[in-house]
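# Structural characterization, general
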Amino acid sequence: MNPFSSGTRLRDMIRSIRACKTAAEERAVVRKECADIRASINEDDPHYRHRNLAKLMFIHMLGYPTHFGQMECLKLIASAGFPEKRIGYLGLMLLLDERQEVLMLVTNSLKQDLNHSNQYVVGLALCALGNICSAEMARDLAPEVERLLQFRDPNIRKKAALCSVRIVRKVPDLAENFVNTAASLLKEKHHGVLITGVQLCYELCKISDEALEYFRKRCTEGLVKTLRDIANSSYQPEYDVAGITDPFLHIRLLKLLRVLGQGDADASDLMTDILAQVATKTESNKNAGNAVLYECVDTIMGIEDTSSLRVLAINILGKFLSNRDNNIRYVALNMLMKAISFDDQAVQRHRATILECVKDSDASIRKRALELVYLLVNENNAKQLAKELIDYLEVSDQEFKEDLCAKICSIVERFSPEKIWYIDQMLKVLSEAGNFVKDDVWHALIVVISNASELHGYTVRALYRALMTYSEQETLVRVAIWCIGEYGDLLINNGGMLNIEDPITVAESDAVDVVEAAIKRHNSDMTTRAMALVSLLKLSSRFPSCSERIKDIIAKQKGSLLLELQQRAIEFNSIIERHKNIRSSLVERMPVLDEATFNGRRAGSLPTSVSSTSKPSVNLPNGVTKPYASPLVDLLDLSSDDVPAATSSSGGDFLQDLLGVDLGSSAALSNQTQAPKAGTDLLLDLLSIGSPPVAQNSSASPDLLSAAKDNNKSSAALLDVLSSPTPPSSTPAVPAGMVDLLDGLSANPSKQEEKGSSYPPVVIYESSSVKIEFCFSKTPGNPQTTNIQATFVNLSPNTCTDFLFQAAVPKFLQLHLDPASSNTLPASGNGAITQNLRVTNSQHGKKSLVMRIRMGYKVDGKDVLEEGQINNFPRGL
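Conventions adopted
- Chains are numbered independently. Their residues run from 1 in the order of the written sequence.
- Only residues with pLDDT of at least 70 get local features here, since the model is predicted, and only at 80 or more are side-chain atom pairs given and counted; chain-wide, interface and lining totals rely on the full set of residues.
- Each side-chain value is derived from all of the structure's non-hydrogen atoms; neither hydrogens nor water enter the calculation.
- Put simply, DSSP H or I for four residues or longer makes a helix, DSSP E for two residues or longer makes a strand, and each gets a number counted from the N terminus.
- Relative accessible area decides the class of each residue, using a 1.4 Å probe on protein chains only: under 20% of the type maximum gives buried, over 50% gives exposed, and in between gives partly exposed.
- By definition in these notes, contact holds between two residues if any of their heavy atoms fall within 4.5 Å.
- Only the protein chains shown count as cover for residues, and the accessible areas themselves come from Shrake-Rupley with a 1.4 Å probe.
- Here, a salt bridge means any side-chain nitrogen of Lys or Arg that lies within 4 Å of a carboxyl oxygen of Asp or Glu.
- By convention, a stacked pair of Phe, Tyr or Trp rings (six-membered ring in the case of Trp) has centres within 6.5 Å and planes under 30 degrees apart, an edge-to-face pair has planes over 60 apart, and any other such pair is tilted.
- The span one expects for a helix is its residue count, reduced by one, times 1.5 Å.
- By definition, the arc is the one covered by directions from the helix axis to the C-beta atoms.
- To define a nonpolar core, start from buried Ala, Val, Leu, Ile, Met, Phe, Trp, Tyr and Cys residues and group those joined through side-chain atoms within 4.5 Å.
- For two strands to be treated as a pair, DSSP must find no fewer than two bridges joining them.
- Axis lines are fitted through C-alpha atoms, for helices just across the contact stretch, and the angle between N-to-C directions can take any value from 0 to 180 degrees.
- Any angle between 65 and 115 degrees counts as roughly perpendicular, while under 35 counts as roughly parallel, over 145 as roughly antiparallel, and the rest as oblique.
- Each crossing gets its handedness from the near helix: less than a right angle anticlockwise from the far helix is left-handed, clockwise is right-handed.
- Each residue gets one of three labels, nonpolar for Ala, Val, Leu, Ile, Met, Phe, Trp, Tyr, Cys and Pro, charged for Asp, Glu, Lys and Arg, and polar for the others, Gly among them.
- For patch detection, residues must exceed 30% relative accessible area and be free of salt bridges, and they are connected within 9 Å for like charges or within 5 Å for nonpolar side chains (Val, Leu, Ile, Met, Phe, Trp, Tyr).
- In summary, the charge assignment counts Lys and Arg as positive and Asp and Glu as negative, without counting His or the chain termini.
- Every charge is mapped to an atom, namely NZ of Lys, CZ of Arg, CG of Asp or CD of Glu.
- Whenever two N or O atoms come within 3.5 Å, that pair is a polar contact, provided that in protein one can donate a hydrogen and the other can accept it, and provided that, for residues adjacent in sequence, both atoms are side-chain atoms.
- Note: pLDDT gives the predictor's confidence per residue, expressed from 0 to 100.

## Let's talk about the overall build of the chain
Regarding its fold elements, the chain presents 37 helices and 14 strands. The buried share of the chain, taken over its 877 residues, is 49%. Taking as baseline every contact in the chain between residues at least 6 positions apart, the subset at least 24 positions apart corresponds to 67%. Only carbon and sulfur atoms are counted for the fraction: they give 49% of the accessible area of the chain, which is about 42000 Å².

Next comes the structure, spelled out in structure tokens:
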């Protein structure tokens, strides 16, 4: 034995590796074997080359590097003996892939073996080529493979067909060379050659339109005859699988027929009879039969066919839904979702079975069935399906309730025939799964209730009844306390009674008890408690007899650890104690909300802070409407999620302003030193006049009560001004910048407003080609809005055509662009283009204007693009 050879056999190495108890022992054994193999390779001993390569393949499968043995594969392939070639080709397929450069060295050996006299060597070469063929090898060896498609031995023809599939995938340009020989394979009697020939034709049809037309005209009838012969053939033990003759060939033939019949009525007519025969005669009690039936249904849905055959296919899918196998039911639901577009009525017949699948124990089947039910809903069956889903909502699993709630709410919103039905169904959902309902859903419910003036009494009574039973549902509590605050008098007086409801006896103290319970509940969040405080303030005016009790309830919240609740409690208590003469006007019922505006905001169709010339919207797959982004996508960089949102009501959900809840201003003890956010003063919130100023003292006391007390002083000062019929000279001055409800602007306007709204022109951008100058002006009484006149001057000697100016701003700004005066910019400053802009700064006084601009134009037919960032705006804008 050569001292440098690896003496251990493959079985001995495997045994020693399996005997290792730790990973370190295994690495030691592998390291020793690899060292012996390297020594043998360096010695270039041909006697142990095949043994070394066999060991390397096992080591490779364990995950260790074996790149040092790649050349040994090539040496074994080049040897004359079949055993050496076999182990060499096996190593080639395992240790190398098409990205290895060393693979180029094996092309010549493959070409020789493809022309070898021994058919087994030819089979080895075809097998290797079909697994690791690269585009270069495909071009070099395609003629040999094409010739072998007509080889005398069926096994070689089968392997050559599979190798041809790999070649045409790698180099589609070679597809035309295989069309005629592939068509000849469809006449084979040998099932192995036939199935590979069908697969080759399928790949050619996908790659080449010419091949598709060729097979449609010349091979469709033959394929139909072949499928009929197989379907009607007697028992053949070598091909039988669970009573089905060669189901694999069945499926391949059906796939090819689907491609041939798609978009071609003549080809579809030829295969109609055989598809009906396969669909009716194939047994579905075994998995093989179900596989053939599924492929047959897919083919029927894909070809140009009459509705009768599609009804048959949908009925087969309906039977699949009753199968005990979850996989069969899942694929049936998937196929039915596609079938809806072909024949909705046929799918509707299986609605009951689909609804049962919604209640299935398998989560994936439940979700897919729910999506299918959602697609089945129309004006005729909306009530029935909504009732079925709501009934199931009560007993459904917790993890499924969120998806189920979302679909039910969407169905109710889309197909509600009348508002009372909409309100009834939404109350059922809120009662059964209110904790899983998203915010925009109950916001929309409040908007609908606000618009249904004849149902106010009915709604508040229904919510009161539901709240008595389902007080743990958070969103139900929110909607109920909002309605009690707005329409509490109707609850007490049984106002607006409908014929379908029974009268209810509710005392004023009972209504207050419900709202108080919402505040005291340990699991009520800050939003619910804030809404309850607003509701109590309104009830203090509607129920004078309970005013003192309400004042005590609100006063208890003065010591709340949540700054938002503490501030509201202080302000509301001040209104109840000191400003009774204006309280009733402050807490009047909210005006009817604009339902169209809310739906527009909810769908995201209102203008955003990015302005340009009008562009269409893009509908995304999930149903959200996204503003047209191109060509501003690269320009924006300011609309990412980390940009702070605007605090004005125009940038957020207007319903939060309606409810008097500033969700963004909640603060725990860790944020005690922060000044209250703009928009938290209740009085200004209720009257929709604006936002109070931010507290001027930046070094506020860390004491939470002191911070609230300082903020209360400004609110109390404003209330004193309002409650006095003729304000005396000693009345405390309203803080600077605050809106006076009686006299418009306060007596202490800012210095900038005293100076006027004129600003010097500013050159905000200048390059070798274009100069931009901005002239600023302010609208009297609206300091947040800045009017800008942009003047564009061409500094180059060439005329600029197709001039387009675009701009983007952060989310706290809103930008409006008027059309430009022209789109042609004369050369050498002999003319200019003007364009008006209007910018609204929701953070006026806190943040300065910032803008990113882009200009596009053409010079001598060539596109030019310039862009930049503008930060040099005058202060005070």
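## Section: the pattern of salt bridges
Any two side chains of opposite charge can pair, given that their charged atoms come close. Following the criterion strictly, the structure yields 30 salt bridges and no others. One connected set of salt bridges, linked through shared partners, spans Asp 513, Glu 516, Lys 520 and Arg 549.

## Thoughts on the packing of aromatic side chains
Summed over the entire model, instances satisfying the criterion amount to 10 aromatic pairs. Seen in terms of ring centroids, Trp 482 and Tyr 487 are 6.0 Å apart; in terms of plane orientation they differ by 80 degrees. Their pairing is edge-to-face. The two residues Trp 482 and Tyr 487 agree in class, both being buried. Taken together, a centroid distance of 5.1 Å and an interplanar angle of 55 degrees make the contact between Phe 792 and Phe 805 tilted.

## Quick notes on helix α2 (residues 23-43)
Relative to the 30 Å expected for 21 residues at 1.5 Å per residue, α2 spans 30 Å between its end C-alpha atoms, a close match to the ideal helical length. Considered for burial, the residues of α2 that qualify are Val 30, Glu 33, Cys 34, Ile 37, Ser 40 and Ile 41. Looking down the long axis of α2, one finds its buried residues gathered within 120 degrees of arc, a one-sided arrangement. Away from its buried face, by an angle of more than 90 degrees, α2 presents the exposed residues Arg 31, Lys 32 and Asn 42. Check the buried side of α2 and you find it contacts α1 (10-18), α3 (49-61) and α4 (70-78). Phi turns positive one or two residues past the end of α2, at Asp 44, with a value near 60 degrees.

## What to know about the nonpolar core
Generally speaking, nonpolar side chains in soluble globular proteins are found buried as a group. One finds Leu 92 and Phe 215 to be the most contacted residues of the largest nonpolar core, which totals 214 residues. Residue contributions to this core peak at 12 residues, all from helix α26 (residues 474-493). Among the nonpolar cores identified, the runner-up in size contains 33 residues, and Phe 812, Leu 837, Tyr 857 and Leu 877 belong to it.

## Points about the pairing of strand β14 (residues 862-870)
Relative to β14, strand β13 (residues 851-859) runs antiparallel, the two being bridged by 9 bridges. Across the sheet, residue Val 859 finds its bridge partner in β14, namely Lys 862. Count of turn residues in the β13/β14 antiparallel hairpin: 2 residues, of which Asp 860 carries a positive phi of about 55 degrees.

## Focus: the sheet that holds strand β12 (residues 832-841)
Strand pairing in a sheet is mediated by backbone hydrogen bonds. Such pairs are either parallel or antiparallel. One open sheet accounts for 5 strands, arranged β7-β8-β9-β12-β11; its pairing is antiparallel. The open sheet has two free edges, formed respectively by β7 (762-766) and β11 (813-817), since each of these has just one partner strand. Within this sheet the neighbouring strands show an average axis-to-axis angle of 25 degrees, counted without direction. Here strand β9 (residues 782-794) runs beside β12; their pairing, made up of 9 bridges, is antiparallel. Along β12, the bridge assignment pairs Thr 785 with Thr 840.

## Observations regarding the packing of helix α29 (residues 547-555) against helix α30 (residues 563-578)
Across the interface, α29 lies against α30 with an axial gap of 9 Å and an inter-helix angle of 155 degrees. When the axis of α29 is compared with that of α30, the two are roughly antiparallel. The handedness of the crossing between α29 and α30 comes out as left-handed. Packed against α29, whose contacting residues are Ser 547, Ile 550, Lys 551, Ile 554 and Ala 555, the element α30 presents Ala 569, Phe 572, Asn 573, Ile 576 and Glu 577 at the interface. Here the contact of α29 with α30 is built from residues that sort into 6 nonpolar, 2 polar and 2 charged.

## Here's the deal with the sheet that holds β13
The antiparallel open sheet is built from 3 strands, whose spatial order is β10-β13-β14. Pairing within the sheet leaves two strands with one partner each, and these edge strands are β10 (801-808) and β14. The average undirected angle you get between the axes of adjacent strands in this sheet is 15 degrees. Here β10 pairs with β13 via 6 bridges, running antiparallel. Of the residues in β13, the one forming a bridge with Ala 807 is Ile 853.

## Considering unusual backbone geometry
Backbone geometry places Ala 242, a non-glycine residue, at a positive phi of 55 degrees. Tracing the sequence through the fold places Ala 242 in the loop between β1 (240-241) and β2 (244-245). For Asp 246, which is not a glycine, the phi torsion comes out positive at approximately 45 degrees. Within the fold, Asp 246 resides in the loop between β2 and α13 (247-261).

## Concerning the side chain of Asp 113
Note on placement: Asp 113 falls in helix α6 (residues 107-114). Contact partners of Asp 113, with chain neighbours within four places excluded, come to Ile 77, Lys 85, Tyr 89, Val 121, Val 122 and Ala 125.

## Examining a negative patch on the surface
A surface patch of like charges, here negative, comprises Asp 173, Glu 176, Asp 209 and Glu 210. Relative to the helices and strands, Glu 176 is located in the loop between α9 (154-170) and α10 (179-185). Since its relative accessible area comes to 63%, Glu 176 is described here as exposed.

## Let's talk about the side chain of Asp 264
Mapped onto the elements of the fold, Asp 264 is located in the loop between α13 and α14 (265-281). Here Asp 264 occupies a buried position and makes no salt bridge, while the nearest side chain of opposite charge, Arg 216, is found at 4.1 Å. In contact with Asp 264, not counting residues within four places along its chain, are Arg 216 and Glu 304.

## Things to note about the packing of α3 against helix α5 (residues 82-95)
It is at 10 Å that the axes of α3 and α5 come closest, and there the two elements cross at 25 degrees. The angle between the axes of α3 and α5 places the two elements in the roughly parallel class. For the element pair α3 and α5, the recorded crossing hand is left-handed. Where α3 abuts α5, its residues His 50, Leu 53, Ala 54, Leu 56, Met 57 and His 60 lie against Ile 87, Gly 88, Leu 90, Gly 91, Leu 94 and Leu 95. Residues of the contact of α3 with α5, tallied by class, amount to 8 nonpolar, 4 polar and no charged.

## Describing the environment of Asn 794
Following the sequence through the fold, Asn 794 ends up in strand β9. Sequence spacing of Asn 794 and Thr 824 is 30 residues, and the spatial spacing of their C-alpha atoms is 9.8 Å. Beyond its immediate chain neighbours, meaning those up to four positions away, Asn 794 contacts Ser 769, Thr 799, Cys 800, Leu 825, Pro 826, Ala 827, Ser 828 and Gly 829. Here the side chain of Asn 794 touches Asn 798 through a polar contact of 2.6 Å, landing on its backbone oxygen.

## A few points about the confidence of the model for the chain
With 81% of its residues at a pLDDT of at least 70, the chain reaches an overall mean of 79. Counting contacts from residues 1-6, a segment whose pLDDT is below 50, to residues more than four positions away or on other chains yields 18 contacts. pLDDT under 50 marks residues 605-757. Its contacts with residues more than four places away, or in other chains, come to 231 contacts.

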